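Residue-level listing of the chains:
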Amino acid sequence: MARKMIRVLLVEDEEIHRVMARAAVKAAAGAEDDDVLDVAENGAAAVRRVREVAPYDLILMDRQMPVMDGHEATRRIRAMGVTTPIVAVSSDGLPADVEAFIGAGADHFTPKVSQATRQCRPCDACMRHGQQYMIDLCK
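Counting restarts for each chain, with residues numbered from 1 along the sequence as it is written. With the structure being a predicted model, the display of local features is reserved for residues of pLDDT at least 70 and the display and counting of side-chain atom pairs for 80 or more, all residues being used for whole-chain, interface and lining totals. Computation of side-chain values covers all heavy atoms of the structure but excludes hydrogens and water.

Visitor: Give me the pairing of strand β1 (residues 8-11): which residues, what numbers.
Guide: Each residue is placed in one exposure class: buried if its accessible area under a 1.4 Å probe, protein chains only, is under 20% of its type's maximum, exposed if it is over 50%, and partly exposed if it falls in between. Strands here are runs of E lasting at least two residues and helices are runs of H or I lasting at least four, both read from the DSSP assignment and numbered beginning at the N terminus. Here β1 shows two buried faces, one formed by V8 and L10 and the other by L9 and V11. Taken together, the four bridges between β1 and strand β2 (residues 37-40) define a ladder with parallel strand orientation. Bridge pairing links L10 to V39 in β2. In this scheme, strands are said to pair when DSSP sees at least two bridges between them. Sheet topology note: the β1/strand β3 (residues 58-62) ladder contains four bridges and is parallel. Paired with V8 across the two strands is L58, which belongs to β3.

Visitor: Can you tell me about the nonpolar core, naming the residues and giving the values?
Guide: L9, V11, V50, I59, M61 and I77 are the most contacted members of the largest nonpolar core, which totals 21 residues. For this core, the secondary-structure elements that each account for two or more residues are β1, α2 (43-52), β3, α3 (70-79) and β4 (86-90). Element by element, the count of residues in this core is highest for α2, at five residues. Any two residues whose heavy atoms approach within 4.5 Å at even a single point are treated as in contact. Sequence-distant contacts of V11, defined by excluding residues within four places in its chain, comprise A40, N42, G43, A46, I59, L60, M61, D62 and M65. Core analysis: the second largest hydrophobic core is formed by eleven residues, I6, L37, L58 and L60 among them. Only buried residues count toward a nonpolar core, which is a set of Ala, Val, Leu, Ile, Met, Phe, Trp, Tyr and Cys residues joined through side-chain atoms within 4.5 Å.

Visitor: Provide a residue-level description of the packing of aromatic side chains, including the pertinent values.
Guide: Here the aromatic set is Phe, Tyr and Trp, taking the six-membered ring for Trp, and pairing holds for ring centres within 6.5 Å; pairs whose planes are under 30 degrees apart are stacked, those over 60 apart are edge-to-face, and all others are tilted. Using the criterion set out here, one finds one aromatic pair in the structure. Centroid distance F101 to F109: 6.3 Å. Interplanar angle 50°. Geometry classified as tilted.

Visitor: An account of the sheet that holds β3 is requested, with residue identities and associated values reported.
Guide: Pairing in this open sheet of five strands is parallel, and the strands run β2-β1-β3-β4-β5 from one edge to the other. Only two strands of the sheet have a single partner each, and these edge strands are β2 and β5 (108-111). Within the sheet, the average angular offset between the axes of one strand and its neighbour, ignoring direction, is 20°. Angles shown run from 0 to 180 degrees and are taken between the N-to-C directions of axes, each axis being a line fitted to C-alpha atoms and, for helices, limited to the stretch in contact. Docked against the sheet, α2 engages β1, β2 and β3, running at close to 165° with respect to β1. Against the sheet, helix α4 (residues 95-104) contacts β3, β4 and β5, and its axis sits at roughly 145° relative to β5.

And the structure:
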């Protein structure tokens, strides 16, 4: 049985995080091409992509970006009536930031950096919360 093709929007301004997340999303989705992942480099671009492009199955949203941050982008996407799961990804894992993202409409939050090891892990959103969404969506 063929897997359903899914579409993920990655909202991330840092190139290294986009590269790593692209690899993780493609692996989790079992995709061999880039059709599964769209990228927006700031919140305003993300809102525009959600408005103009076919519906996404998952949105991975960074917090701190130029032009428009992830909190505001999440609020605006939800205000458009979009129910796509949004996984917030941020270097700031403080309770206030988590609450702000969830309050803005994100479904889940995952930190980019492991507090225990201080290792960068920008793809945890895909590998933990996002991967389950992708597995369910590809069935």
